[in-house]
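# A structural walkthrough
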Amino acid sequence: MSGSPGAEGALPLEPDRAQMEAAGIAALARAVAFIEGLDSAPGQSPATPELLRALAAPPPEQGRPFPEVLDQAMAALRPGFETAGPGYLAYIPGGGLYLSALADLLVAASNRYGGFADAAPGLVTLDHSVLGWLAGVFGYPEGWGGDLTSGGSISILSAVVTARDARLDGRLHDGTLYVSDQAHHAIAKAARIAGIPEANVRVVPTAGDLRLDPQRLDDAIRADQSAGRRPFLIVASAGTTNAGVVDPLGSLADVCAGHGIWLHVDGAYGGMFALTDRGRARLAGIDRGDSLTVDPHKGLFLPYGTGALLVRDGTALRASFAMRGAYLHGFDVEGGLPNPADHGPELTRHARALRVWLPLHAHGVAAFRAALDEKLDLARAAYDALREIPTVEVPWEPELSVVCFRHRAGDQATQALLDDVNGAGPVYLSSTQIGGRTYIRICVLSFRTHADRVTAAVDLVRAAARGH
Ligand SMILES: *Cc1c(COP(=O)(O)O)cnc(C)c1O
């Protein structure tokens, strides 16, 4: 047996074949048991102080037996929100497709370098293939550029940086950008990181329909132009986090075109519904942005850590992010396969392509379309059923898969209702503030959520609403 010496039972850095297989089977058995337990797992579970204390211990000088360490790892994974379970209807749920976990195992075991095409041409082809498929879904013509990111926030950051570089010539103090009061805070955060003065982020108030109004937007732009400022970017939502509302993307694209302003479409939550017929209709105009964020760890049910960015003009994306050090001589920017490192802030990175590509090829796109269609149906069913509860107000018909509602007695009763529902166990919901009022949200987006769980959620709301 090779490898470093360890205490009795500790694995060496280079385990032999039998050790690798035993360790792999032990980990896999726990993963499968975890997934099998999701159906009956509570929507959230607390962590005991003893557990957290044990987990905070520093690594020992001599290794411990692997099964023991694995069991502790599983204990660490257990408490918190059951984000992989069918009852997780809070925030924006995502997924955790099993095949993506297996893909990550293969990527990590092979330790392929995904930053440059020459280092891993096959893997980088998968990266390009996945992005190319997305470009096709969203109608981005040849010449597009893209990046698989760690999530929506970094995708939005890269978009803001690209728009800044393409439109502001390095002069940031008078560049203004526009969002609605329903936009995700990741945009303001990206602007701050990108050096756009916070006072230059214009938040356009929405009316009762919660949409960014093209006329109000145009007024705000003209006011800034008259004051000598330089409007350079509008970020529209293709599905807001609060209520799943889609901004009028086509009209906003017209406003942008009229002023030469960059349009970024934030489809982190809603974008992937474009795989369905209803979604495509509701997201009309999503193909007209200069750039687009989607978040496969939401709408494609992948594990956390998978976002994506598409930019219509790939040259603009590379102008912001392609850079070389002397030690990286020989990796061409143009021609041949695009290098992922030239399309985003990361150099060495987790090769994310396989966790996207493998489930898409193994399950087929139709499986994703059908699952997303089911989510639209479930949200509609929740809306219809909630409206039958007399003490509950459900103001917005769901456009995608978010339903917001509140107790008619006010914020306090709404909060009490939420606490009762979450305390029951089978589902976990979250709340938000819209127009200064508290709303409970049901967001159906996990591939594991089906009709029985949505019915259970509504039943719990009905029972709890009686008590407040
Ligand atoms: C989730 C979300 C984001 C942020 O994406 P992360 O993947 O959480 O970084 C941005 N915009 C919208 C609309 C979102 O729903």
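Anything mentioned here points back to the structure above.
First, a word on what this report is: a plain description of the structure on this page.

Parameters at a glance
- Residues numbered from 1 in each chain as written.
- Predicted model: local features only at pLDDT ≥ 70, side-chain atom pairs only at ≥ 80, totals over all residues.
- Heavy atoms only, no water.
- Helix = DSSP H or I, 4+ residues; strand = E, 2+ residues; numbered from the N terminus.
- Buried < 20%, exposed > 50% of the residue type's maximum accessible area, 1.4 Å probe, protein only.
- Contact = heavy atoms within 4.5 Å.
- Pairing = 2+ DSSP bridges.
- Axes fitted to C-alpha atoms, helices over the stretch in contact; angles between N-to-C directions.
- Core = buried A, V, L, I, M, F, W, Y, C linked by side-chain atoms within 4.5 Å.
- Patch = residues over 30% accessible without salt bridge, like charges linked within 9 Å, V, L, I, M, F, W, Y side chains within 5 Å.
- Areas by Shrake-Rupley, 256 points an atom, 1.4 Å probe, with all protein chains shown as cover.
- Salt bridge = Lys/Arg side-chain N within 4 Å of Asp/Glu carboxyl O.
- Near = heavy atom within 4 Å.
- Polar contact = N/O pair within 3.5 Å; in protein donor to acceptor, adjacent residues only side chain to side chain.
- Phe/Tyr/Trp six-rings, centres within 6.5 Å; stacked < 30°, edge-to-face > 60°.
- Lys NZ or Arg CZ within 6 Å of the ring centre and 35° of its normal.
- Parallel < 35°, antiparallel > 145°, perpendicular 65-115°, else oblique.
- Left-handed = near helix turned anticlockwise from the far one by under 90°.
- Nonpolar A, V, L, I, M, F, W, Y, C, P; charged D, E, K, R; others polar.

### Observations regarding the side chain of Asp295
In this structure, Asp295 sits in the loop between strand 8 (291-294) and helix 11 (296-299). Owing to a relative accessible area of 2%, Asp295 belongs among the buried residues under this scheme. Here Asp295 is in contact with Gly151, Gly152, Gly267, Ala268, Leu300, Thr306 and Gly307, once residues within four sequence places are set aside.

### Quick word on the sheet that holds strand 8
Across the sheet, which stays open at both edges, the 7 strands sit in the order 3-9-8-7-6-4-5 with mixed pairing between neighbours. Two strands bound the open sheet, and with one partner strand each, they are strand 3 (145-149) and strand 5 (201-204). Going from strand to strand, the sheet's axes swing by 20° on average, the running direction of each strand aside. Running at roughly 170° to strand 4 (residues 175-180), helix 7 (residues 185-193) makes contact with strand 4, strand 5, strand 6 (230-237) and strand 7 (262-267) of the sheet.

### Things to note about the nonpolar core
Grouped together as the largest cluster of nonpolar side chains are 69 residues, with contacts concentrated most on Phe138, Ile234 and Leu310. The dominant element in this core, judged by the number of residues it contributes, is helix 5 (residues 121-137), at 6 residues. Not counting the four nearest positions on each side in its chain, Ile234 is found in contact with Tyr178, Leu212, Leu217, Ile221, Val255, Cys256, Ile261, Trp262, Leu263 and His264. By size, the runner-up hydrophobic cluster in this structure holds 26 residues, among which are Leu157, Ala163, Ala190 and Leu309.

### Re the sheet that holds strand 10 (residues 392-393)
Pairing within the open sheet is antiparallel, and its 4 strands lie in the order 10-11-13-12. The open sheet has two edge strands with one neighbour each: strand 10 and strand 12 (430-434). Pairing of strand 11 (residues 402-407) with strand 13 (residues 437-443), which is carried by 4 bridges, proceeds in the antiparallel orientation. Directly across from Phe405, in strand 13, lies its bridge partner Ile440. In the packing of helix 15 (residues 411-424) onto the sheet, the strands contacted are strand 10, strand 11, strand 12 and strand 13, and the crossing angle to strand 11 comes to about 120°.

### Side note on a nonpolar patch on the surface
Taken together, the side chains of Leu28, Val32 and Tyr98 make up a nonpolar region of the molecular surface, amounting to roughly 220 Å² of accessible area. Among the structural elements, Tyr98 can be located in helix 4 (residues 98-110).

### A closer look at the site of the ligand
In the region of the ligand, 14 residues are neighbours, and Gly152, Ser153, Asp266, Asp295 and Lys298 sit closest. Asp266 has a polar side-chain atom sitting 2.6 Å from a nitrogen atom of the ligand. Take Lys298: an N or O atom from its side chain is 2.8 Å from an oxygen atom of the ligand. If you list the elements that add at least two residues to the shell around the ligand, you get helix 6 (152-168) and helix 11.

### Brief notes about the packing of aromatic side chains
Taken as a whole and assessed by the stated rule, the structure comprises 8 aromatic pairs. Where Phe301 meets Phe368, the ring centres are 6.0 Å apart and the plane angle is 10°; that geometry is what we call stacked. In this pair, Phe301 sits in the loop between helix 11 and strand 9 (307-311) while Phe368 sits in helix 14 (residues 365-387), placing the two residues 67 residues apart along the sequence. Residues Phe301 and Phe368 agree in their burial class; the two are buried. Note on Trp396 and Tyr439: the rings are 5.1 Å apart at their centroids and 55° apart in plane angle, and the pair reads as tilted. One end of the pair, Trp396, is in the loop between strand 10 and strand 11; the other, Tyr439, is in strand 13, with 43 residues separating them in the sequence. Members of the aromatic cluster, each reached through a chain of ring pairs, are Phe81, Tyr88, Tyr91 and Tyr428. Arg312 extends its terminal NZ or CZ atom over the ring of Tyr140, reaching a point 4.8 Å from the ring centre. Taking NZ or CZ as reference, Arg406 lies 5.5 Å from the ring centre of Tyr439, over its face.

### Observations regarding the environment of Val130
Mapped onto the secondary structure, Val130 falls in helix 5. On the accessibility criterion, Val130 (4% relative accessible area) is buried. Considered as a pair, Val130 and Ala308 are 178 residues apart in the sequence and their alpha carbons are 9.8 Å apart. With residues up to four places along the chain from it excluded, the contact list for Val130 reads Leu148, Ala353, Val356 and Trp357.

### Looking at the side chain of His407
With respect to the helices, strands and loops of the structure, His407 is situated in strand 11. The exposure class of His407 is buried, given its relative accessible area of 3%. One polar contact links the side chain of His407 to the main-chain amide nitrogen of Ala409, over a distance of 3.0 Å. Of the polar contacts made by the side chain of His407, one reaches the backbone oxygen of Ala465; its length is 3.4 Å.

### Some remarks on the packing of helix 8 (residues 214-226) against helix 9 (residues 249-259)
Relative orientation and spacing of two packed helices are given, respectively, by the angle between their axes and the distance between those axes. Relative to each other, helix 8 and helix 9 sit at 20°, their axes nearing to 10 Å. Taken together, helix 8 and helix 9 sit at an angle that is classed as roughly parallel. In terms of crossing hand, the pair formed by helix 8 and helix 9 is right-handed. Residue-level inspection shows Pro214, Leu217, Asp218, Ile221, Arg222 and Gln225 of helix 8 in contact with helix 9, the latter providing Ser251, Leu252, Val255 and His259. Its residues assigned to classes, the contact of helix 8 with helix 9 comprises 5 nonpolar, 3 polar and 2 charged.

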